[in-house]
Amino acid sequence: MNLQQSHSEHWDIFCVVVDNYGDIGVTWRLAKQLAGEYQLAVNLWVDDLGSFAHILPELNPQLAEQTHQQVRILKWNTPLDQTYIPGAVLIEAFACELPVLVKQAVTSASKPPVWLNLEYLSAEDWVEGCHGLPSFQPGGINKYFYLPGFTDKTGGLICERDLFAQRDAWQADPDNRGRLFSDLGLSGIEPEHRVISLFSYETKALSALCELWSGAAEPIHLLLPKGRSLNSLTHLLPDAPEDLVTGSQIQLGSLTLHILPMTDQQGYDQLLWSCDFNIVRGEDSFVRAQWAARPFIWHIYQQEDDYHLVKLEAFMRLYCDNLAPEVAQSWQQLNLAFNRQQQIDVQRQWLQIDTMRSKLEAHAKHWPVDALKMADLATRLVHFIKK
């Protein structure tokens, strides 16, 4: 059966916005890809359209229903403003609690939808064994656990069909970087200058790196939006983080901080493609940093008992599988120091990995093809539903 043929029944995706842009970032990319590449009718139900609008500027948070990029976007109020009608597929993103009326409609439907719980991404070994498992629900139907991952026995990773070709074309023309920075209101960045993007949570390791970069032998530009990252740099800033405006520049020796405006997802991808190094957080920006084919640090969301470090180390083992041992060790220690807020260690590891910059950059370029394993998440998801 042709996976790209039109589908007679719609898909529903429910998303609760928890971490500003991570949950909605993933579900919005998935919805766009299912609608655009597979011509599926997709309803995306979102509880916080205000946060959603930061990555989709044309979205009107006041509207109960609207369509953008072939996706029907619905405000998830309590109770729902729109009547939920079961379709072919129901996806609850990241174990969000579905409305009672939605569950009732599913269990009473003459032809219930395939019900999935789209889980968070993890590189841990247990993912392969749990991916696709059913969970029996009241009413006699199953809910299936769909687990994204890095192996061919998992749900895969979100990656649009032509993304790598777009990235390669962008990076092949150095003028694209200059035009993007100009469009973002950035100035003073020369082609030979080093540029780092930042989208992190609070960590003392960040201020330690900024202090190190301020004494660098080469100009370094740190591009960051207003948000949680700035809370780690208050002692370095001339104004309170909330008083800074987009376009502001703060000079700290060799380091220049640039305050970025928020951008849509395509603009964020282009930003990652244009930087020499990216520091990212959460899940959506974490995957996009890998697709950018640039070296990066992953600031993973902190969990109780430091379980987030277990998830970080599981990913790093995969990422470093084909990396020279000395480079792998230094990059792993850099990520751990950043996540553990170890100020001295993060400075030492940055200086160490910087001596291996070319090897790390070469690895970053090869990694995306290895990580994709021939099939992206949307493709695997459509196959899973057809089975």
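Above this text you will find the structure in question.
Below is a summary of the structure that appears in this document. (Residues numbered from 1 in each chain as written. Predicted model: local features only at pLDDT ≥ 70, side-chain atom pairs only at ≥ 80, totals over all residues. Heavy atoms only, no water.)

## A look at the pairing of strand β13 (residues 277-281)
Here is step 1: Most of β13 is tucked away: 5 of the 5 residues are buried.
Here is step 2: Of the two faces of β13, the one holding F277, I279 and R281 and the one holding N278 and V280 are both buried throughout.
Here is step 3: Bridge count between strand β9 (residues 194-198) and β13: 3 bridges; the pairing is parallel. Opposite I196, over in β13, you have F277 as the bridge partner.
Here is step 4: Direction of pairing for β13 relative to strand β14 (residues 296-299): parallel, over a ladder of 4 bridges. (Buried < 20%, exposed > 50% of the residue type's maximum accessible area, 1.4 Å probe, protein only. Helix = DSSP H or I, 4+ residues; strand = E, 2+ residues; numbered from the N terminus. Pairing = 2+ DSSP bridges.)

## So, empty space enclosed by the protein
Here is step 1: One pass over the full model with this rule turns up 5 cavities of 30 Å³ or more.
Here is step 2: Looking at the largest cavity, its volume works out to about 320 Å³.
Here is step 3: What lines the largest cavity is a set of 24 residues, and nearest its centre among them are I55, F199, M262, T263 and Y268.
Here is step 4: Secondary structure elements with two or more residues in the lining of the largest cavity: α1 (22-38), α8 (265-274) and α9 (284-291).
Here is step 5: Looking at which element gives the most residues to the lining of the largest cavity, the answer is α8, with 4 residues.
Here is step 6: In terms of residue class, the lining of the largest cavity is built from 11 nonpolar, 7 polar and 6 charged.
Here is step 7: Residue lining of the second largest cavity: 14 residues in total, with V26, I158, E283, V287 and L377 positioned closest to the centre.
Here is step 8: Among the elements that take part in the lining of the second largest cavity, α9 stands out by supplying 3 residues, more than any other.
Here is step 9: Here the residues of the lining of the second largest cavity sort into 9 nonpolar, 1 polar and 4 charged. (1 Å grid on protein atoms, 1.4 Å probe; cavity = no way out; pocket = protein on both sides within 12 Å on 5 of 7 lines; lining within 4 Å. Points joined across faces, edges and corners; volume = space filled by probe spheres on them. Nonpolar A, V, L, I, M, F, W, Y, C, P; charged D, E, K, R; others polar.)

## Let's talk about the environment of Y319
Here is step 1: For Y319, the location among the structural elements is in helix α10 (residues 307-319).
Here is step 2: Owing to a relative accessible area of 1%, Y319 belongs among the buried residues under this scheme.
Here is step 3: Considered as a pair, Y319 and H363 are 44 residues apart in the sequence and their alpha carbons are 9.1 Å apart.
Here is step 4: When neighbours within four sequence positions are excluded, Y319 is seen to be in contact with F296, W331, H363, A364 and W367. (Contact = heavy atoms within 4.5 Å.)

## With respect to the sheet that holds strand β2 (residues 42-46)
Adjacent strands of a sheet form backbone hydrogen bonds with each other and so pair up, either parallel or antiparallel.
Here is step 1: With mixed pairing, the 8 strands of this open sheet are ordered in space as β3-β4-β2-β1-β5-β6-β8-β7. Looking at strand neighbours, the two that pair on one side only are β3 (65-68) and β7 (134-137), the edges of this open sheet. Within this sheet the neighbouring strands show an average axis-to-axis angle of 25 degrees, counted without direction.
Here is step 2: Pairing of β3 with strand β4 (residues 71-75) involves 4 bridges; the strand directions are antiparallel. Bridge pairing in β4 links T67 to R72.
Here is step 3: Where helix α14 (residues 377-386) meets the sheet, its contacts fall on β1 (11-15), β5 (89-93), β6 (114-118) and β8 (141-146), and the angle it forms with β8 comes to roughly 160 degrees. (Axes fitted to C-alpha atoms, helices over the stretch in contact; angles between N-to-C directions.)

## Points about the pattern of salt bridges
Here is step 1: On inspection of all chains with the given rule, the structure shows 19 salt bridges.
Here is step 2: Where R228 meets E202, a salt bridge forms, and the shortest distance between an N and an O atom there is 3.0 Å. Of this pair, R228 sits in the loop between β10 (220-225) and β11 (249-252) while E202 sits in the loop between β9 and α7 (204-213), placing them 26 residues apart in sequence.
Here is step 3: The exposure class of E202 is partly exposed, given its relative accessible area of 33%.
Here is step 4: Ionic contacts of the salt-bridge type, sharing partners, join the residues R29, E160, D269, D284 and R288 into one network. (Salt bridge = Lys/Arg side-chain N within 4 Å of Asp/Glu carboxyl O.)

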